[in-house]
Structure formats: structure tokens, C-alpha cells
Amino acid sequence: MSLAPAPVLTGPTGSLLDLIGKTPMVEVTKMDTGPCRLFLKLESQNPGGSIKDRIALSMIAAAEAEGFLKPGGTIVEATAGNTGLALTLVGQAKGYKVLLVIPDKMSKEKIQHLRAMGADVRLTRSDVPHGHPEYYTDMAERLAQQIPGGFYVNQFANDANSLAHFQTTGPEIWEQMGRDIDAFVAGIGSGGTITGIARFLKSVGSDAKIILADPVGSTLAGLVNEGVPGPEGSYTVEGIGQNFVPDTADMDLIDTAYSIPDAEAVATVRELLLKEGVLAGSSSGTLIAAALRWCREQTEPKRVVTFVCDTGAKYLSKVYNDAWLADQGLGQRELHGDLSDLITRKYENGDVVVIGPDDTLDTAFKRMKGADVSQLPVIADGRLVGIVDESDIVHVMNTDEITREERFRKPVGSVMTRDLDTVQVSESLEALIPLFDRDRVAIVLDGEAFVGLITRSDLINHLSLNR
């Protein structure tokens, strides 16, 4: 079968579920792929925004057919977010309630999206191992047993997971690539994607290499390459990597694995946006980084396929947020060996939210709320002249001498603190402690020039990253 040279428009459909799958493929042309050609299957184009739409449809259909999920029932699942979004999309279309247990490291965009769709979201710890009662899969299974009509999806051991990719994703890739593929790269979250597609490729006689992309800190790459679990650690990439082998994952199908550090995954996915215009999520950075490594190691031209697993719009507050990356120790910035190393939001770079003395308290409060901070430096003519915090605004509100509207119209300069607790950028960390003991924020200067603010949280984060 020959493919159309361009996407073919179809008529309207009565359900978003009809739009799951049949996602487009795009070639990477502006990044260094060595002698190879790298193709990305854009699973972000599914109606729920990720590759997990496919398995949600498959697993719910299988549960209905087998009698495990009945009208009025509740779908319960442990998820890093995308499976939850997909289950909520499919579950609501079919009239089910959805309860999701999610590790607390997931992006706030995913959590807000789930709650807006009507899912019952329960956050749990991301710092405990499989088998702990607060580990997300253990908690989900327990809740499903407690809820009348509850069905625990368990994507990690659900055969309909890998079957979805054997029946849909694998055949689509095979057709889109003209039955010519030399390597396929995927991660393991639940294990269904790499297992289902690898099985399909082998079933049609393909000898494509199956490559695992694994975050550093996940133990799975070690099992593939050395036969023993790799070193376990923490990582910020969401949705892939495990400290156990999911029942759905057939590790024998995998030829080799690459361990990708968070910093490399983030740099890759941001380069993808800059050079190719593709806004992809954090796990896609891991996959594409592994694919690029394999491509650059080759001496002959090869055709390689991997995924844009989901859209980067779900990670704008994290992967695409320079300040967040700096807080995680993932930002690429010059270190100076002084207090400026603790400041991720510097005034000279325009990163600090500030206020002027003639601005109103209403403006100050809205800026604090919008930036999720409790104090603002007050700048006049480029110089720091004071600081205003929530307590200053509360103090003004505690009066009946003027109307509430007039209180909010008062200028910042009339209530701001002018007696500032400052430290020079060259001082030691110990200079911060007396300020924090007085419940103050540290205002850092370089001579008379304002550098930025240091809070208790900034100090703790710095010590954590450099222990």
C-alpha cells in the first residue's frame, strides 16, 4: 500500500475516540543525526495529547468485554499523568468515574488538566519504592479493592496494553516507513509500547534493532546491558523508567539500552523545539537523546524511529522553565563560587518580579500572586529602594479609616520597608543565617547593585544539590 504524500482530510466524527491513533510521522532534518535518518511519530497528536490514548481505549474495551468493568463502575489507575488523562478521556466518553493515583513529582499542568476533566486525583509520594504502601501502584490497587464497582486497570500487567501497540502503533510505523526500518527506540513506563511494537516488527520479519531509552536513576538499562539492575536514583523525567520490571515488559526483545541523564534529555527536547519546531514532553527528550546517540554511532545510513510521546505544553512550568531547571541543578549557567550561585532569578537578567514605589498595593498583590512569591523588591530608577511583602499589605488592610478600595490604591512607597537586610554577594553562606533567624529574606548586593533575593528554600535547595 502506498501512502499519500500529505495528510488526508476526513469528515467529522461523532467522538474523539475515533481520532485515537493514525498519528503523523515527521523526519528530523536540522539536528545532528550522524549518517542516519531519524523519524518521530507524533503521538502528541492523539486527542488526549499522548501515546497513552491507545492503551486506554484498548484496556477499557478489554475490561468491558471480560466483565470486569460494568455500567456505573469506577476506573482506578496508578499513573504518571498521561495514562490518567487518556483513561479519563475514554472513561468519561463511556460513562465511568475515574480515580487516579499520581506521584507528587508530576507537572502541575497534568494534575490541573486531570481535575478539570473531572477525575478524582490522589497524590502520593514519589520517594518510596515499589512495595511500599504509599507507592502509587500499591495505593491504586488498594483503593480499587475498597470501592464498589472499582476496576484496577493496572497498565503494568495488562495484556491489552501491549496488544494496543501490536495492533495499531506497530502496523502504522511499518506502513509509514514503507516497511523499511533499521532501529526503533522507546522507553519503559508500563512496558507496553516497546513490547507491543517489538513483537509486531518481529512478526512481519523485520530485523530492526530494539533500543531502550532509560533515565539515569532507572534500573532497567542495567538489566539489558549487564544483566543486573542499574544503580537506582532519582530523576525528573516523567512517565518512563522504573526500579522494577513491569509484567508487561518483555526485556528479551530489547537489543541494547542507553542511560540518559536528565540534563541531556532536557537539552535535547529544547533543541528539538528550537531547531525542528516540535514542542515535546520530557520523556521524549530521553527517547530522542538515545536515538541520536545510536544514530551518531553508526557508520552506515540507517532509518530510525522514535516518538514524541506527548506534548511539551504539559511541561511549560518545568522543562521549559529556566528558573525551575536551575532549581533542579539542570540549568546551564556559570557558577561564581559566591552567593550569586544560590540565586536562580537574577535582577540583571530580568528574572526578578519587581514593583515601583508609585505602583499601588493592588498591583503589588497581583504580581505576588501571579509569580507565587510573598515579597517584591521595590525598584526606582534602576536602584533598590525597599521591599514590600504580604505583611506590609495586611498591615494597611487592618484599618477602617479609609475604604477597602482606597487601601488597595495606596502607593507601595508609603508602606514598603526601607530598612533593608542586605548582604554582599562575596559573603559566606553563614551570613544568611542571622537574617533567616529574624524571619527575613536575604537581599543580595554587589556593591550598591541589586543582584537578587535568597530565601530559606533557596539555601536548602543549594545545600541539597551540593551535598
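All values derive from a computational prediction rather than experimental measurement.

Please set out the sheet that holds strand β1 (residues 25-28) residue by residue, giving values where relevant.
Spatially, the six strands line up as an open sheet ordered β1-β2-β10-β7-β8-β9, and their pairing is mixed. At either end of the open sheet lies a strand with only one pairing partner, and these are β1 and β9 (256-260). With strand direction ignored, the average angle separating the axes of adjacent strands in the sheet is 25°. Alignment of strand β8 (residues 209-215) against β9, held across five bridges, turns out to be parallel. Along β9, the bridge assignment pairs Asp 214 with Ser 259. Each of β1, β2 (37-42), β7 (183-186) and β10 (303-308) touches helix α5 (residues 159-176); the most contacted strand, β2, lies at about 135° to it.

Describe the side chain of Lys 318, with residues and values.
Summarising the element assignment, Lys 318 is placed in the loop between β10 and α10 (322-327). Overall, Lys 318 belongs to the buried group, its relative accessible area being 8%. In this structure the side chain of Lys 318 is engaged in a polar contact, spanning 2.7 Å, whose partner is the side chain of Glu 238. For Lys 318, the residues in contact, after removing those within four places along its chain, are Lys 105, Met 106, Ser 107, Glu 238, Trp 324 and Leu 325.

Hey, could you go over the pairing of strand β5 (residues 120-124) for me, with residue numbers and the actual values?
Note: strand β4 (residues 97-103) against β5, five bridges, orientation parallel. Paired with Leu 99 across the strands is Asp 120, a residue of β5. Tracing the backbone out of β4, into helix α3 (residues 108-116) and back to the parallel element β5 gives a crossover that is right-handed.

Explain a nonpolar patch on the surface to me, and be specific about the residues and the numbers.
Taken together, the side chains of Leu 273, Leu 279 and Leu 316 define a hydrophobic patch exposed on the protein surface, amounting to about 220 Å² of accessible area. Within the secondary structure layout, Leu 273 lies in helix α8 (residues 262-276). Taking relative accessible area as the criterion, Leu 273 reaches 31% and is therefore assigned partly exposed.

Break down helix α6 (residues 192-203) for me, with residues and values.
Helical geometry note: an α-helix holds 3.6 residues per turn, so side chains three or four residues apart project in the same direction. In a regular helix each residue adds 1.5 Å, so twelve residues correspond to 16 Å; α6 covers 16 Å between its end C-alpha atoms and thus fits that length. A large share of α6 lies buried, amounting to nine of its twelve residues. Residues of α6 that are buried: Gly 192, Thr 193, Ile 194, Thr 195, Gly 196, Ile 197, Ala 198, Phe 200 and Leu 201. Of the surrounding secondary structure, the elements contacted by the buried residues of α6 are α5, β7, β8 and β10. At the C-terminal side of α6, Gly 205 shows a positive phi close to 85°.

Calculation notes
Here, residues in each chain are numbered from 1, in the same order as that chain's written sequence. Predicted model: local features are reported for residues with pLDDT of at least 70 only, side-chain atom pairs are reported and counted for 80 or more only, and whole-chain, interface and lining totals are derived from all residues. The basis for every side-chain value is the complete set of non-hydrogen atoms in the structure, without hydrogens or water. Pairing between strands is defined by DSSP: at least two bridges between the two strands are required. The helix and strand labels rest on DSSP assignments: H or I over at least four residues marks a helix, E over at least two residues marks a strand, and numbering proceeds from the N terminus. The axes are straight lines fitted to the C-alpha atoms, using for helices just the contacting stretch, and the angles between their N-to-C directions are given from 0 to 180°. The contact criterion used throughout is that any non-hydrogen atoms of two residues lie within 4.5 Å. Note on classification: 1.4 Å probe, protein chains only; a residue is buried when its accessible area is under 20% of the maximum for its type, exposed when over 50%, partly exposed between these limits. A 3.5 Å cut-off defines polar contacts: any pair of N or O atoms within that distance qualifies, except that in protein one atom must be a possible hydrogen donor and the other a possible acceptor, and neighbouring residues in sequence count only when both atoms are side-chain atoms. Look down the strands so they point away from you; if the path from the first strand over the helix to the second goes clockwise, the crossover is right-handed. Only residues whose relative accessible area exceeds 30% and that take part in no salt bridge are eligible for patches, with like-charged residues grouped when within 9 Å of each other and nonpolar side chains (Val, Leu, Ile, Met, Phe, Trp, Tyr) grouped when within 5 Å. All accessibility values rest on the Shrake-Rupley procedure with a 1.4 Å probe; residue burial counts only the protein chains present in the view. By convention in these notes, a salt bridge is any Lys or Arg side-chain nitrogen within 4 Å of a carboxyl oxygen on Asp or Glu. By this rule, a helix spans an expected 1.5 Å times one less than how many residues it contains.

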